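# Structural features, examined
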Amino acid sequence: MPGHAAVQCAAHHVDTTTTPLHEIEQRLLWLSTAIIHHANRIRPNASGMKVGGHQASSASMVSIMTSLWFEQLQPGDRVSVKPHASPVLHAINYLLGDLDASYLPRLREFGGLQSYPSRTKDPDPVDYSTGSVGIRLGRPDGTSAYIRLSTRPVDQLLAAVPQDAAGRERRRRHVLAGGYVMRRAANPSLTLVGMGALMTETLAAADRLAQHGVDADVVCVTGPGLLFEALQARQGRGDGPTWILDQLFPAGRAAPMVTVLDGHPHTLAFLPAVNGVRGTQLGVSRFGQVGSLEDVYRYHGIDTDSIVGAALDLVGTV
């Protein structure tokens with residue numbers, strides 16, 4: 001009978017809003033959201049840069065992760081958690097007693113909770129260390145270009161784009177060929193080579209070095225692979241164009257070189273070989289900590305002070 005079936009259905013209905021699992025879910029939702037909110041809206045932020053934390057994406061994972069950790073997972077099960085869900089993971093570990101409350105306000109802070117769950121740097125249990133997937137763009141020839149994104153604002157006036165049409169076209173050709181000159185010193189005793197967001201520190205270092213009597217040429221690299229291919233061609237191991245090397249690093253201005261980027265230092269390590277000069281390579285050669293730019297750059301030795309110090313050591317000036 002229809003009426004009897006309805007009564008049976010009602011008798012077996014469970015109000016999930018009053019179950020312990022639902023209460024845990026709501027605590028995790030509030031806690032993970034609060035962790036992100038505190039990092040972005042409450043914690044002092046001298047740089048003004050967005051901290052991030054993927055609040056909406058994190059919230060969308062709460063129900064799934066509540067069921068996994070508190071209902072489904074068995075001993076020996078392991079879970080890989082990507083950054084969008086890391087606040088939920090930290091909230092779970094806090095509720096389980098595996099994370100001290102002092103870390104909850106420290107999402108994406110230097111020495112605090114990491115952007116990407118890390119077995120070595122996070123203070124709470126993590127099954128797998130995870131990282132950024134990056135973005136790859138397809139090329140017509142079937143290969144792909146890897147694009148690294150930064151939320152750091154960089155003053156575009158630093159590029160000093162030429163005002164005349166001929167100068168802009170020359171700059172465009174250089175950028176597409178692998179790099180361009182940002183500054184030429186009257187009598188350089190050093191060449192500073194930087195990439196991307198690190199040009200701010202590179203130019204600041206050049207200013208500081210000038211105060212020490214060390215004048216430097218400053219070069220911005222836009223395509224290290226293109227410059228490497230040009231050097232290979234110059235050495236007889238390729239047939240590509242080499243003219244860009246003469247534009248960026250003319251033999252008559254050869255000087256000791258410091259290279260710096262927010263990537264692995266070997267990316268630009270070949271450049272001193274263009275003119276056979278001594279060189280020092282600065283970059284990120286180990287997994288680092290999340291935190292403010294100042295803290296992270298200092299940690300990896302790619303801040304302005306580190307560039308200046310490496311340059312003075314290279315040219316033998318105290």
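Now for a quick tour of the structure. (Residues numbered from 1 in each chain as written. Predicted model: local features only at pLDDT ≥ 70, side-chain atom pairs only at ≥ 80, totals over all residues. Heavy atoms only, no water.)

### A look at the nonpolar core
Just so we agree on the cut-off: By nonpolar core is meant a set of buried Ala, Val, Leu, Ile, Met, Phe, Trp, Tyr and Cys residues that side-chain atoms within 4.5 Å join together. Here the term buried applies to any residue with accessible area under 20% of the maximum for its type, exposed to any over 50%, and partly exposed to those in between, with areas from a 1.4 Å probe on protein chains only. Strands are runs of DSSP state E lasting at least 2 residues, helices are runs of H or I lasting at least 4, and numbering of each runs from the N terminus.
Core analysis: the biggest nonpolar cluster contains 27 residues, and Met182, Leu190, Leu192, Leu209, Val218, Val258 and Leu282 have the highest contact counts within it. For this core, the secondary-structure elements that each account for two or more residues are β3 (179-183), β4 (190-195), α7 (199-211), β5 (216-221), β6 (257-260) and α11 (304-315). Listed in part, the 21 residues of the second largest apolar core include Ala39, Val62, Val88 and Leu107.

### Considerations on α11
The α-helix winds at 3.6 residues per turn, so residues separated by three or four positions along the chain end up facing the same way. To keep things clear, this is the line we draw: Given the number of residues in a helix, its expected span is that number minus one, multiplied by 1.5 Å. Residue contacts are defined here by distance: any two heavy atoms, one from each residue, within 4.5 Å place the two residues in contact.
Compared with the 16 Å implied by 1.5 Å per residue over 12 residues, the 17 Å span of α11 between its first and last C-alpha is a close match. Those residues of α11 not exposed but buried are Thr304, Ile307, Val308, Ala310, Ala311, Leu312 and Leu314. On the buried face of α11, the contacting elements are β4, α7, β6 and β7 (279-282).

### A look at the environment of leucine 21
Mapped onto the elements, leucine 21 comes out in helix α2 (residues 20-42). Distance from leucine 21 to serine 63, taken between C-alpha atoms, is 9.4 Å for residues 42 residues apart in sequence. Setting aside residues up to four positions removed in sequence, leucine 21 forms contacts with Thr66, Phe70 and Glu71.

### With respect to the packing of α7 against α11
What counts is decided by this rule: Each axis is a line fitted through C-alpha atoms, taken for helices only over the stretch in contact, and angles between the N-to-C directions span 0 to 180 degrees. Small angles under 35 degrees read as roughly parallel and large ones over 145 as roughly antiparallel, with 65 to 115 read as roughly perpendicular and the rest as oblique. By definition, any crossing whose near helix is turned counterclockwise from its far helix by less than a right angle is left-handed, and any crossing with a clockwise turn is right-handed. Classes in brief: Ala, Val, Leu, Ile, Met, Phe, Trp, Tyr, Cys and Pro nonpolar; Asp, Glu, Lys and Arg charged; the others, Gly included, polar.
Put simply, α7 and α11 touch, their axes get as near as 9 Å, and they point 50 degrees apart. In this view, α7 runs oblique relative to α11, as classed from their interaxial angle. Handedness of the crossing formed by α7 with α11: right-handed. Mapping the contact onto sequence places Glu201, Thr202, Ala204, Ala205, Arg208 and Leu209 in α7 and Thr304, Asp305, Ile307, Val308, Ala311 and Leu312 in α11. Class assignment for the residues of the contact of α7 with α11 results in 7 nonpolar, 2 polar and 3 charged.

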